[in-house]
Protein chains: 2
Amino acid sequence: MNMPKNFSIKGVGKYLPKNCLESHEIEAELGLPSQWYAQRVGVETRYRVTDETCTQMGVEALREALSDAQMEISDLDGIIAASATFDYVIPNRSTLIKEAFFEAETLDFPCFDINTVCTSFITALDYASTLLQGEEYQNIAIVSSEIASHGLSSNRPETYGLFGDAAAAVIVSKSSTGENLRYMQKTYSEGVRSTIIRGGGNAYHPKNNPYEMDLYSFDMAGTHLLRIVNKYIYDYMDRFFEKTSTHLSEVDWIVPHQTSLFGMNLLTKINRGKSDNIINQLSVYGNCVAASIPLTLVNSIKEGVIKEGDRCLLLGTAAGVSICGLLLNYSKS
Amino acid sequence: MNMPKNFSIKGVGKYLPKNCLESHEIEAELGLPSQWYAQRVGVETRYRVTDETCTQMGVEALREALSDAQMEISDLDGIIAASATFDYVIPNRSTLIKEAFFEAETLDFPCFDINTVCTSFITALDYASTLLQGEEYQNIAIVSSEIASHGLSSNRPETYGLFGDAAAAVIVSKSSTGENLRYMQKTYSEGVRSTIIRGGGNAYHPKNNPYEMDLYSFDMAGTHLLRIVNKYIYDYMDRFFEKTSTHLSEVDWIVPHQTSLFGMNLLTKINRGKSDNIINQLSVYGNCVAASIPLTLVNSIKEGVIKEGDRCLLLGTAAGVSICGLLLNYSKS
C-alpha cells in the first residue's frame, strides 16, 4: 500500500533578473512584425539575466522563502535543486546554493539535484514529500533556478522570445494537514530529441565543437512535441485520476508548466474547455524551464489565489518526452 | 518512524570503453618518470572513450544487467540515471537511455536523473529502495555512465591520469530479503569549489568563453579535499553507525568511491587499519566519477566476492563537499 504523504508549504520565494525584456524589443532586433510574440508565442515580457548566475538567483529565491516561512537556513534538513540548466558541470547545483549562505558553513544537511528537465520541481516535490514521512527531515527546500537565455538562437525566433530566466523556491515541511494526493510521471521516448540543446555535453563537447549559436541553443520542434503530447495526455489524465478520490472537475487550481501558447490552449481542452482555474503566467515570464511550475505556484500562493485547503494539480510536459503531475492539498501550516 | 526499505539486486551490468590506456603511455606523453602514476596516483590502467557517448555506454551496461536479471526492458518500472557528466544539457540522461532501446517505444515508465556528483549512485539507490516500498514500482534500473576524459587537462598530470570512463547498471527489485539498512548523506559546504569543472554551464557559458583546456577540465585540489574529508569523516562514521544495529567491524565489504590513492589510504585508517574488506579497483579503472561505486559493486557481485546476505557499505565523497553512505544487506532474490 502507498502511505499517505503529508506535507505543508511553509514558505515560498522567487527571484527575477533585473532586466525585463519586452517583446517589441526582440521584434525590432529580429525585424519581426509588431505583436508577433504576443500572437504567435503568447509572451509579452520575459526576464533575462545580465550577470546573475543560477546559484545567485536560487539563493535569492531561497532567502525569500525562508523569510516567508520565518525560518533560518539552519532550520533546513536538506536542499533539492530541481533544474535543467546549471552553473558548472561539477559540482552540482544544490551544494553551490547551500554554500552561498555564509551561515551554512557549520551546517551539514544533504544537498542533491533532481532533473526531469521542465518538470524537475514536481519530481523533487514528490521525493521531498516522501522524505518528510521519515524521521530525518522536518524541512526541505526545493529550489529551481534556470538561465535559459544563454542558450537561445536568434535563428529560431520562436524559442528566442519564448524562454525566460527565473528562480523559485519552496520550503516543504512535516505536517499532518497538507498532502501529496497523487504523483505520476510517464516518459514516452517518442520525440526524445524534439527539445534539445546539442552542444556542451559529451555528445558535442566544447573541446571538439567550438561555440556555434545553433549548436549550443534550444532546438524545439514545437508542433511535433504538441502532437506527441496530444496523443498521450488524455490517457495520462485518466490514469492519473483513476487512482485518486478527486475528479479533474474538483481540482481548484491547475498550476501548469508554462510551455507555450499552444501548450496552454491544449490544457484548456484537456480541462474540458475551462480555463479560469488554469494559472497562466506565460505572457509575463515566458517558459522558464523547470522554474515555471514553482514560480507559478509561488506567485499564486503569495497573491492569495491559492488558499488553505485548495486542491492544486501541478502538471507539465518535459523534454524526453515526459508528462508529470502531482495533486496536492495545499496547507501552509 | 522510518520504515524498512527492502530490496534485492536482481541484475548487474557494466560497460568499459574499448580503449584501455596504460600509465606508461601517459607518462611518455607528458614526459613523466616511469611508474609515476602507479606510485603517486595509484592508477595503472583506465578506460577512455573513443566515440562512445554516455547514453551508449549506459545502454550497454543496462542490457547486461537486464540479461543478468533475466528481464526485458518491459519489466522495468523506471530508470534513474545517476551521473555527473552527460551527453546533452537537455534532455536528461535517463530519457536518452530509455529511448535507445527500440523495444521501449511503447513503454511509458518514468525516467529521472539524480546528481550528487560522485555519490549519485548511492543517493539514487536510497531513492529507488524507497520507491520500491510503494505500489507502483517492482523493478527499477539505476544507471551511472560517465565520460570524464573529455574534461581532463594535460597541464594537471594527476587528474589527467586519475580519471577513467565507465558505465554500470544495477536493477533493484521489490523483495523481502535484501535491505537498505541505513543511508546518510552530509554536505559540508567547505571546499565546494575544490573539485570543479568551471566551463560549460551558465557561469562560464561557451557563448562567451571559448574552449580552453584548463577552463573546461577537472580542477581538483586533492590535498585540500583530503583535509576536509579527514576533518569530518570520523564524526560522519559515528553518526552513520549509531543508528544501525551493525558495527563497522561487522561490515563484510566496503564498496567505496575510488577517489584516489590517498582517499583509499584514508579509508583504511577509518576502517581501523583493515584493508582486506575494502574493495579497491582504483588501479584498474581509475576514478570513474559516479560510475566508480556501482562498477565496484557490479564487479564484486559478478566475481562472487559479495555473497547473498553480505552486509555492504557503499561509501563515497563527492564534490560539494558531501560524504554519502548506504549500508545494505545484499540479496539477489
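For clarity, every value in this text was computed on a predicted model and none was experimentally measured.

Visitor: What exactly am I supposed to notice about the relation of the copies chain B and chain A here?
Guide: Two copies of a chain can be linked by a rotation about an axis combined with a shift along that same axis. Screw-axis analysis of chain B against chain A gives a translation of 0.0 Å along the axis, an RMSD of 0.0 Å, and a rotation angle of 180°. One copy is carried onto the other by what is essentially a two-fold rotation axis. Considering only C-alpha atoms, the part of chain B nearest the rotation axis is Ile114 of chain B, at 2.4 Å. Comparing contact sets, 100% of the residues at the interface of chain B also lie at the interface in chain A, consistent with an isologous, same-surface contact.

Visitor: I would appreciate a short explanation of the interface of chain B and chain A in the present structure.
Guide: Often the size quoted for an interface is simply the accessible area lost on bringing the parts together. At the junction of the two partners, chain B supplies 71 residues and chain A supplies 71 residues. Both sides together, the interface formed by chain B and chain A hides about 6,500 Å², and carbon and sulfur atoms give 55% of it. Where chain B touches chain A, the interface holds eight salt bridges. Across the contact surface, chain B and chain A share 30 residue pairs in polar contact (both at pLDDT 80 or more). When the residues that make up the side of chain B that touches chain A are grouped by side-chain class, the tally is 32 nonpolar, 24 polar and 15 charged. Across three bridges, the pairing between strand 6 (residues 111-115) of chain A and strand 6 (residues 111-115) of chain B is antiparallel.

Visitor: Can you walk me through the domain arrangement of chain A in this structure?
Guide: Residues and elements named next belong to chain A. In terms of domains, chain A is made up of domain 1 (5-175) and domain 2 (181-329). Spacing between the C-alpha centres of domain 1 and domain 2 amounts to 15 Å. Between domain 1 and domain 2, the contact holds 49 residues from the first and 42 residues from the second. Taken together, the two surfaces of domain 1 and domain 2 that pack against each other cover about 3,700 Å², and 69% of this comes from carbon and sulfur. Sorting the residues of domain 1 by area buried against domain 2 places Cys118, Ile122 and Arg156 first, and these three jointly supply 18% of that buried surface. Connecting domain 1 to domain 2 are two salt bridges. Close ionic contact of Glu64 with Lys302 constitutes a salt bridge, the shortest N to O distance being 2.7 Å. Secondary-structure elements contributing two or more residues to the side of domain 1 that touches domain 2 are strand 2 (8-15), helix 2 (36-41), strand 4 (45-48), helix 5 (120-131), strand 7 (139-146), helix 6 (157-162) and strand 8 (166-173). The dominant element in the side of domain 1 that touches domain 2, judged by the number of residues it contributes, is helix 5, at six residues.

Visitor: Is there a simple way to think about the sheet that holds strand 9 (residues 179-187) of chain A in this case?
Guide: The strands that make up a sheet are held in pairs by hydrogen bonds between backbone atoms, and each pair lies either parallel or antiparallel. Residue and element names in this part refer to chain A. Taken together, the five strands give an open sheet; going across it, the order is 1-9-14-13-12, and neighbouring strands pair in mixed fashion. With partners counted over all chains shown, the strands left at the sheet margins are strand 1 (5-6) and strand 12 (253-256), one partner each. With four bridges connecting them, strand 12 and strand 13 (residues 311-318) associate as parallel partners. Bridging from a neighbouring strand, Val255 pairs with Leu314 of strand 13.

Visitor: In this structure, what is going on with the pattern of salt bridges? I would like to understand it.
Guide: Side chains bearing opposite charge may pair, as long as their charged atoms lie close to each other. Throughout the structure, instances matching the rule amount to 30 salt bridges over all chains. Salt-bridge contacts for Asp108 of chain A lead to Lys186 of chain B; the nearest nitrogen and oxygen are separated by 3.9 Å. Of this pair, Asp108 of chain A sits in the loop between helix 4 (93-99) and strand 6 while Lys186 of chain B sits in strand 9 (residues 179-187), placing the two residues on different chains. Exposure remark for Lys186 of chain B: the relative accessible area of 14% places this residue in the buried category. Connected through salt bridges with shared partners, the residues Asp108 of chain A together with Lys186, Asp235 and Arg239 of chain B form a single ionic network.

Visitor: Please explain helix 8 (residues 261-270) of chain A as it appears in this structure.
Guide: One turn of the α-helix equals 3.6 residues, which is why residues spaced by three or four share an orientation. All names here are of chain A. Taken together, the buried positions of helix 8 are Gly263, Met264, Leu266, Leu267, Thr268 and Ile270. Against the buried residues of helix 8 lie helix 7 (222-242), strand 12, helix 9 (282-285) and strand 13. Two residues or fewer after helix 8 comes Arg272, characterised by a positive phi angle close to 55°.

Visitor: Can you walk me through unusual backbone geometry in this structure?
Guide: Excluding glycine, a negative phi dihedral is what most residues carry, and trans is how most peptide bonds are arranged. Geometrically, the link from Gly320 of chain A to Val321 of chain A is a cis peptide bond, its omega value of -10° lying close to zero. Residues Ile90 of chain B and Pro91 of chain B are joined by a peptide bond in cis, for which omega reads 0°. Turning to its location among the elements, Pro91 of chain B is positioned in the loop between strand 5 (78-82) and helix 4 (93-99). Notably, Gln70 of chain A is not glycine yet its phi reads approximately 50°, a positive angle. By secondary structure assignment, the location of Gln70 of chain A is in the loop between helix 3 (54-68) and strand 5 (78-82).

Visitor: Looking at this model, I keep getting lost on the side chain of Thr116 of chain B. Mind explaining?
Guide: Position of Thr116 of chain B among the secondary structure elements: in the loop between strand 6 and helix 5 (120-131). We classify Thr116 of chain B as buried; its relative accessible area is 2%. Among the polar contacts listed, one links the side chain of Thr116 of chain B to the side chain of Thr119 of chain B, at a separation of 3.0 Å. Apart from the residues within four sequence positions on either side, Thr116 of chain B is in contact with Asn92, Cys111 and Phe112 of chain A together with Thr123, Gln185 and Ala318 of chain B.

Visitor: Explain the environment of Asn19 of chain B here, please?
Guide: Residue and element names in this part refer to chain B. Inspection of the secondary structure assignment puts Asn19 in strand 3 (residues 19-22). By relative accessible area, Asn19 is classed as partly exposed at 30%. Expressed as a C-alpha distance, the spacing of Asn19 and Asp165, which sit 146 residues apart in the sequence, is 9.9 Å. With sequence-adjacent residues up to four places away left out, Asn19 is seen in contact with Arg46, Tyr47, Arg48 and Thr50.

Visitor: Honestly, the packing of helix 7 of chain A against helix 8 of chain A in this entry has me stumped. Any pointers?
Guide: Each pair of packed helices can be summarised by the angle the axes make with each other and by the distance between the axes. All names here are of chain A. Interaxial distance between helix 7 and helix 8 falls to 11 Å at its minimum, and their mutual angle equals 25°. One way to sum up the angle between helix 7 and helix 8 is to call them roughly parallel. Between helix 7 and helix 8 lies a crossing of right-handed hand. When helix 7 is examined against helix 8, the residues Leu226, Val229, Asn230, Ile233, Tyr234 and Met237 are found in contact with a partner set consisting of Phe262, Gly263, Leu266, Lys269 and Ile270. Taken together, the residues of the contact of helix 7 with helix 8 sort by class into eight nonpolar, two polar and one charged.

Visitor: How should I be thinking about the packing of aromatic side chains in this particular structure?
Guide: Each aromatic ring pair is characterised by the separation of its centres together with the angle its planes make. Summed over the entire model, instances satisfying the criterion amount to 20 aromatic pairs over all chains. Over the ring of Phe240 of chain A we find Arg182 of chain A, and its NZ or CZ is 5.5 Å from the ring centre. Over the aromatic face of Tyr37 of chain B sits the side chain of Arg46 of chain B, whose NZ or CZ is 5.5 Å from the ring centroid.

The rules we used
Residues numbered from 1 in each chain as written. Chains lettered and ligands numbered in written order. Predicted model: local features only at pLDDT ≥ 70, side-chain atom pairs only at ≥ 80, totals over all residues. Heavy atoms only, no water. Least-squares fit on C-alpha atoms with pLDDT ≥ 70 in both. Contact = heavy atoms within 4.5 Å. Buried area = accessible area lost by both parts, 1.4 Å probe. Salt bridge = Lys/Arg side-chain N within 4 Å of Asp/Glu carboxyl O. Polar contact = N/O pair within 3.5 Å; in protein donor to acceptor, adjacent residues only side chain to side chain. Nonpolar A, V, L, I, M, F, W, Y, C, P; charged D, E, K, R; others polar. Pairing = 2+ DSSP bridges. Helix = DSSP H or I, 4+ residues; strand = E, 2+ residues; numbered from the N terminus. Domains from an automatic or database assignment. Buried < 20%, exposed > 50% of the residue type's maximum accessible area, 1.4 Å probe, protein only. Axes fitted to C-alpha atoms, helices over the stretch in contact; angles between N-to-C directions. Parallel < 35°, antiparallel > 145°, perpendicular 65-115°, else oblique. Left-handed = near helix turned anticlockwise from the far one by under 90°. Phe/Tyr/Trp six-rings, centres within 6.5 Å; stacked < 30°, edge-to-face > 60°. Lys NZ or Arg CZ within 6 Å of the ring centre and 35° of its normal.

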